[in-house]
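Commentary on secondary and tertiary structure
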Amino acid sequence: MVGLLCLLLGSTAFDGISRWSAWTNQTGELGRGGHLLVYTLGLLAAVAVVSTLFLLAARATGAARIRPGGLGIAGLPGAFVHSLVPIAIGYAVAHYFSFAMFQGQEGLLLATDPFGRGWDLLGVGSRRIDYAFLGTGLIAAVQIGAIVLGHVLGVVSAHDRATHLFRRRQLRRAQYPMLAAMVAFTAGGIALVTAS
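Residues numbered from 1 in each chain as written. Predicted model: local features only at pLDDT ≥ 70, side-chain atom pairs only at ≥ 80, totals over all residues. Heavy atoms only, no water.

A short note on the overall build of the protein chain
The helix and strand inventory of the protein chain stands at 7 helices and 0 strands. The C-alpha atoms of the protein chain give 21 Å as radius of gyration, which overshoots the globular expectation for 196 residues (16 Å, by more than 25%). Looking at the protein chain residue by residue over its 196 residues, the buried ones come to 38%. Across the protein chain, the fraction of contacts at a sequence separation of at least 24, relative to all contacts at a separation of at least 6, is 75%. Summing over all exposed atoms, the protein chain offers an accessible surface of approximately 11,300 Å²; the carbon and sulfur share of this is 66%. For the protein chain, the distance from the average position of its 14 positive side-chain charges to the average position of its 7 negative side-chain charges is 27 Å. (Helix = DSSP H or I, 4+ residues; strand = E, 2+ residues; numbered from the N terminus. Rg over C-alpha atoms; globule rule 2.2 N^0.38 Å. Buried < 20%, exposed > 50% of the residue type's maximum accessible area, 1.4 Å probe, protein only. Contact = heavy atoms within 4.5 Å. Areas by Shrake-Rupley, 256 points an atom, 1.4 Å probe, with all protein chains shown as cover. Lys, Arg positive; Asp, Glu negative; His and termini not counted. Charge placed at Lys NZ, Arg CZ, Asp CG, Glu CD.)

Structure below.
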């Protein structure tokens, strides 16, 4: 589960990075083989950064004393992996919201005439995709809101797990590494959305 969620976060992050003008300017002249190699390495690097940050934070959390009979340090990434779920959902909403809104219209237009025979089964045949129905301000608000909400829920769920794993005296110190990782994920996610 840890690997899957780190893959989801890292691949979504790389998808955002690959849309940056700095990235496209550097990779635009590559041939097909070079393009494939550079993008594969970029994807692997993004997944590695997310995975390393999460694993280090989870293990550093274990520097505090775990309650007797609790998990060992090696089990902590699995104990905190659920906190990545709302973050992954927030990234997905932020990254694909506008795509879904605009391409969803295309799906409706295709459904009204599925075989290209001039049918109008849904009564929307004369319509076209309306790219103006969502303003850029609304799109940005949804993107930032999804990222922030996902991270707030991730921090809350990590805190909830920590209260069950650590003694009360150790609870504050135990949460700092995971909180730092969550803040890094938040800042990175917002940077990806605002830069692309």
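So much for the structure itself; the text now carries on.
Focus: the nonpolar core
Membership of the largest hydrophobic core comes to 30 residues, with the highest contact counts inside it found for Phe54, Phe80, Leu84, Phe166 and Met178. Considering every element that reaches this core, the biggest residue donor is helix H7 (residues 171-195), with 7 residues. If we skip the residues at most four places from it in the chain, Leu84 touches Leu5, Cys6, Leu9, Phe54 and Phe185. (Core = buried A, V, L, I, M, F, W, Y, C linked by side-chain atoms within 4.5 Å.)

What to know about the packing of aromatic side chains
One pass over the structure, following the stated rule, counts 6 aromatic pairs. Ring centres of Trp23 and Tyr39 lie 5.4 Å apart, and the angle between their planes is 80 degrees; this geometry places the pair in the edge-to-face category. Here the residue Trp23 occupies a position in helix H2 (residues 21-27), and Tyr39 occupies one in helix H3 (residues 32-61), the gap between them amounting to 16 residues. Grouping residues by exposure puts Trp23 and Tyr39 together as buried. Consider the rings of Phe115 and Trp119, whose centres lie 5.7 Å apart with planes at 80 degrees: the pair is edge-to-face. Since its relative accessible area comes to 59%, Phe115 is described here as exposed. (Phe/Tyr/Trp six-rings, centres within 6.5 Å; stacked < 30°, edge-to-face > 60°.)

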